[in-house]
Amino acid sequence: MISNGNSPMADFFAYPIVCNTGPLIALSRANLGHLLSKLFPRVMTTQAVVAELTAKDAGDAAEIRQTLAYVEIVEASTPDPLLVTELDAGEASVIQAARDHGISGVLIDERRARRIAAEAYHLEVRGTCAVFLRAKREGLLPSIRPVLENLVAKGYFIGPQLMTECLRQAGE
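Rules used in this analysis
- Numbers given for residues are sequential positions, taken from 1 along each chain in its written order.
- Under the rules for a predicted model, residues below a pLDDT of 70 receive no local features and side-chain atom pairs below 80 are neither given nor counted, while totals for whole chains, interfaces and linings still include all residues.
- Only hydrogens and water are set aside when side-chain values are computed; all heavy atoms of the structure are taken into account.
- In this analysis, axes come from line fits to C-alpha atoms, helices being fitted only over the stretch in contact, and the angle between any two N-to-C directions falls in the range 0 to 180 degrees.
- Numbered from the N terminus, helices here are DSSP runs of H or I no shorter than four residues, and strands are runs of E no shorter than two.
- Orientation labels follow simple angle bins: below 35 degrees gives roughly parallel, above 145 gives roughly antiparallel, 65 to 115 gives roughly perpendicular, and whatever is left gives oblique.
- Handedness of a crossing follows from how the near helix is turned relative to the far one, being left-handed for an anticlockwise turn of less than a right angle and right-handed for a clockwise one.
- Residues count as neighbours in contact if any of their non-hydrogen atoms are within 4.5 Å of one another.
- Under the convention adopted here, Pro, Cys and the residues Ala, Val, Leu, Ile, Met, Phe, Trp and Tyr are nonpolar, Asp, Glu, Lys and Arg are charged, and Gly plus all remaining residues are polar.
- Any Lys or Arg side-chain nitrogen located within 4 Å of an Asp or Glu carboxyl oxygen qualifies as a salt bridge.
- Think of it in three bands: with a 1.4 Å probe and only protein chains considered, a residue is buried below 20% of the maximum accessible area for its type, exposed above 50%, and partly exposed in between.
- Two strands pair if DSSP finds at least two bridges between them.
- Per-residue confidence from the predictor is reported as pLDDT, which spans 0 to 100.
- When the centres of two rings from Phe, Tyr and Trp lie within 6.5 Å, Trp using its six-membered ring, the rings pair. Their planes under 30 degrees apart give stacked, over 60 give edge-to-face, and anything left gives tilted.

## Structural notes on the packing of helix 3 (residues 47-54) against helix 6 (residues 89-101)
Between helix 3 and helix 6, the least distance of the axes is 7 Å, while the angle of their chain directions is 150°. Our classification of the angle between helix 3 and helix 6 gives roughly antiparallel. As for the relative orientation of helix 3 and helix 6, their crossing is left-handed in sense. Counted together, Ala48, Val49 and Glu52 of helix 3 and Ala89, Gly90, Ser93 and Val94 of helix 6 form the full contact between these two elements. Across the contact of helix 3 with helix 6, the residue classes tally to 4 nonpolar, 2 polar and 1 charged.

## Some thoughts on the pattern of salt bridges
Tallied over the full model, the rule gives 7 salt bridges. For Arg112, the salt bridge identified is with Glu86, shortest N-O distance 2.1 Å. With Arg112 in helix 7 (residues 111-119) and Glu86 in helix 5 (residues 81-86), this pair connects stretches of sequence that are 26 residues apart. Owing to a relative accessible area of 28%, Glu86 belongs among the partly exposed residues under this scheme. Glu165 is the salt-bridge partner of Arg168, the closest N and O atoms lying 2.7 Å from each other. In this pair, Arg168 and Glu165 are both assigned in helix 10 (residues 160-170), 3 residues apart and thus about one turn of the helix distant.

## A look at the sheet that holds strand 2 (residues 43-46)
Taken in spatial order, the 5 strands of this open sheet run 3-2-1-4-5, and their pairing is parallel. Across the chains shown, the open sheet's two edge strands, defined by having one partner strand only, are strand 3 (72-74) and strand 5 (124-126). When strand polarity is set aside, the average angle formed by the axes of neighbouring strands in this sheet is 35°. Pairing analysis gives 2 bridges linking strand 1 (residues 17-19) to strand 2, with the strands arranged parallel. Within the sheet, the bridge partner assigned to Val18 lies in strand 2 and is Met44.

## A short note on the environment of Asp60
Mapped onto the elements, Asp60 comes out in the loop between helix 3 and helix 4 (61-68). When its relative accessible area of 10% is taken as the criterion, Asp60 is described as buried. Counting along the chain gives 92 residues from Asp60 to Val152, while the straight-line C-alpha distance between them is 15 Å. Setting aside anything within four residues of it in sequence, one finds Asp60 in contact with Ile25 and Arg29.

## Topic: the confidence of the model for the protein chain
Per-residue confidence for the protein chain gives a mean pLDDT of 90, with 92% of residues at or over 70. Contacts from residues 1-9, a stretch scored under 50 in pLDDT, to residues over four places away or in other chains number 22 contacts.

## A short note on the packing of aromatic side chains
For the structure shown, the criterion picks out 3 aromatic pairs. Seen from their ring centres, Phe12 and Phe13 are 5.5 Å apart, and the 80° between their planes marks the pair as edge-to-face. The residues Phe12 and Phe13 share a single accessibility class, namely buried. Judged by its relative accessible area of 8%, Phe13 is buried.

Pasting the structure below:
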């Protein structure tokens, strides 16, 4: 389920977050990294996420660098063994950094990491579609359909159910 901002956790966007690789890639490919600074008071990510973002010489390297300009890079302590066993290094470090820095919200797209963050660590979790929905509601995006379609065309995976739900909540 995507939160449209009308839930009891509607204030998610009023607090600092720690962001994982997937949303940073999506925002970079859409050239919308600036939305992070407009929607959140503080956005952090970890060295492990930066390493994942810069591991390959990708065609979107310049866009990723632009997006990272809106993000504070923080260290995370050694992740909890559960995280290391179940998730990749970036996801584990994001959840651990949230715990280390007293941050209650994380921006993660990958389903398993979202479930672990919410159920095992009681973090508030949102994904890229929630960012686009909030940006539209705040008047920062006129429509999210072209953004989502462009991301899919550029190879970013958005499942059909998520696409349908995101568009439904956007009224598109």
